[in-house]
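Read off the chains here:
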Amino acid sequence: MPDFKTSPGTRDILAPDSSRWRAFQNIFATNVEAAGYSYIIPPMFEDLDVFLRLGEATEVVTKEMYDFHDKGGRHIALRPEQTASVCRAFVEHRPTTPWKVWYSGPNFRYEKPQQGRYRQFDQVGIEALGVDDAFLDAEVIALASSFYAALGLKQVELSINTLGDSGDRENYSQLLAAYFSKHETKLTAESKATLTRNPLRVLDSKREPDQEVIAGAPRIRESISKSASEHFSAVLRALDALNVSYKINDRLVRGLDYYRRTTFEFVSTSLEAAHTAIGGGGRYDGLVEALGGPATAGIGFALGLDRTLLACDAEGVFAAPSTDVDVFVVDTVDGTHAHELCHQLRANGIRADRAYDLRSIKAQMKSADRSGARFALIVGSDEVSNSTVMLREMVLGKQNSVLRKDVLSELSILLKK
RNA sequence: GUGGGCGUAGCUCAGUUGGUUAGAGCGCCAGGUUGUGGUCCUGGAGGCCGGGGGUUCGAGACCCCUCGUCCACCCCA
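Residues numbered from 1 in each chain as written. Chains lettered and ligands numbered in written order. Predicted model: local features only at pLDDT ≥ 70, side-chain atom pairs only at ≥ 80, totals over all residues. Heavy atoms only, no water.

A. Geometry of the environment of L78. You can see L78 is positioned in strand β4 (residues 75-78). Taking the C-alpha atoms as reference, L78 lies 4.2 Å from F45; in sequence the two are 33 residues apart. (Helix = DSSP H or I, 4+ residues; strand = E, 2+ residues; numbered from the N terminus.)

Dropping the structure here:
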């Protein structure tokens, strides 16, 4: 056993998974940049207070923060998500609105790891600030939806709900608290605990014994303001116009406290494990204000890389792209020829690798095979003496002699086929 | 944070009721093939059996602790 291993909940992403990650991020970037979202790279840590604005009833804030005091005495936290950072950046730079940004990168939560849940986990996401328009809600949701489609995912369901405005949410929360307290004896112990912390989240319980009480609970849409209700209808109409299918789920409240109005979640029906939620988001009108900025509307989503890739595995889509080189150079003379040929090929955009330590031709050919290169260039003493190289097409097992000076042009032609 | 399963070679795993120098397959290296990979054959390297303590004449096997990992709960992406 090695002396050192990765910390719990962290891991090394090696090839071919690493190239899959990068492709994932590239596809995401292409999709959202095509919709006017620009790239933001916020810091991975901030003043703890930035994240405290996410809400005191949120476990992400109260129990799972990676926080520490730095050498300057600042109370710092590794970001548990990126929405708060984006809002802080908005307040700090005051860009013109609408401000549409996307991000990609790791977040940190001190949780007990299990499948699809890590202490360092990656998300991609977008945030759009300064716009109240229901068309934006629908645009954001549609972008997530078409991104899943771009990966090849089919078994993804969209749930959507509205939480009303902040006053509505408060009222509803109290209404629920009253209702659940009345029926407390019928609730599971876990739900009772949740009730004292955040009555809304009791609705999220998937425990069987709770279902009857939940079914009878008051519905939020009965107690939201007219404007919030109209906003929700407009979002749904805008989704219909794009043929984005959804399920209204009036029990969907989501984890973070800052959500207002539109809230949504993407669930993979191909996953068996507990973690089927592969992405989610919503409006967070008021969060910018909480961070000291002007009253500003905001909406966004975050998608978990790991979970989305698990869903891809389950559906057998989005394989890791190949990173194989085009050419592998075998040099049994002294290594100099491989050295120079690789350099020349690479300089001309041909992906090339070689063997080292002047191993036997057999060993070098084995490396060539493993490299996945389509062609091998073989240089032995015969080739050196008549200024040629042997060009071998690996899968065909055919080879022919090529003048050393023609190698580049010859390969360029062959690789285009 | 709570509960349960599992830690033996780089990987996947065998290892009888405790009994000598701990095994297989795959992978890796070398040779068979003095200029050729993928198939085949032969050989080789590689293990403080997660760590610590205990029981025993004797522990990879049993007990305790600890760490890691997986699963469920909680929570969430």
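B. Representation of the packing of aromatic side chains in the model. Applying the stated criterion to the full structure yields 13 aromatic pairs. Ring geometry for F24 and F147: centres 5.1 Å apart, planes at 85°, overall edge-to-face. One end of the pair, F24, is in helix α1 (residues 17-33); the other, F147, is in helix α5 (residues 134-151), with 123 residues separating them in the sequence. Given a relative accessible area of 0%, F24 falls into the buried group. Classification of F147 by relative accessible area gives buried; the value is 0%. Taken together, the ring pairs connect F24, F28, Y39, W102, F147, Y148, F264, F266, F301 and F318 into an aromatic cluster. Over the face of the ring belonging to Y118 we find R11, whose NZ or CZ atom lies 3.6 Å from the ring centre. In this structure, R119 packs its charged tip against the face of Y110, placed 3.9 Å from the ring centre. (Phe/Tyr/Trp six-rings, centres within 6.5 Å; stacked < 30°, edge-to-face > 60°. Buried < 20%, exposed > 50% of the residue type's maximum accessible area, 1.4 Å probe, protein only. Lys NZ or Arg CZ within 6 Å of the ring centre and 35° of its normal.)

C. Focus on the pattern of salt bridges. On inspection of all chains with the given rule, the structure shows 15 salt bridges. For R117, the salt bridge is made with E111, and the minimal N-O distance between the two is 3.7 Å. Accessibility expressed as a relative area gives 22% for R117, which makes it partly exposed. For D250, the salt bridge goes to R219, with nearest N and O atoms at 2.9 Å. Taken together, the residues D250 in the loop between β8 (247-248) and β9 (260-268) and R219 in the loop between α9 (211-215) and α10 (226-241) connect sequence positions 31 residues apart. Residue D250 is classed as buried on the basis of its relative accessible area of 15%. The class for R219 is partly exposed, based on a relative accessible area of 34%. Taken together, the salt bridges that share partners define one network made up of E46, R88 and E92. (Salt bridge = Lys/Arg side-chain N within 4 Å of Asp/Glu carboxyl O.)

D. Spotlight on the packing of α5 against α10. For the pair α5 and α10, the least separation of the axes is 8 Å and the interaxial angle reads 45°. With respect to α10, the axis of α5 lies oblique. Classified by chirality, the crossing of α10 by α5 is right-handed. Together, A134, F135, D137, A138 and I141 of α5 and H231, A234, V235, A238 and L239 of α10 make up the contact between the two elements. Partitioned by chemical class, the residues of the contact of α5 with α10 number 8 nonpolar, 1 polar and 1 charged. (Axes fitted to C-alpha atoms, helices over the stretch in contact; angles between N-to-C directions. Parallel < 35°, antiparallel > 145°, perpendicular 65-115°, else oblique. Left-handed = near helix turned anticlockwise from the far one by under 90°. Contact = heavy atoms within 4.5 Å. Nonpolar A, V, L, I, M, F, W, Y, C, P; charged D, E, K, R; others polar.)

E. Summary view of the domain arrangement of chain A. Entries for chain A in the domain assignment read domain 1 (17-165 + 224-315) and domain 2 (327-416). Placing a centre on the C-alpha atoms of domain 1 and another on those of domain 2 gives a separation of 49 Å. (Domains from an automatic or database assignment.)

F. Spatial organisation of the layout of surface pockets. Put simply, the second largest pocket is a space of about 300 Å³. S145, K154, V156, E157 and S245 are, among the 15 residues lining the second largest pocket, the residues nearest its centre. Elements supplying a minimum of two residues to the lining of the second largest pocket: α5 and β7 (156-162). The dominant element in the lining of the second largest pocket, judged by the number of residues it contributes, is α5, at 5 residues. By residue class, the composition of the lining of the second largest pocket is 9 nonpolar, 3 polar and 3 charged. (1 Å grid on protein atoms, 1.4 Å probe; cavity = no way out; pocket = protein on both sides within 12 Å on 5 of 7 lines; lining within 4 Å. Points joined across faces, edges and corners; volume = space filled by probe spheres on them.)

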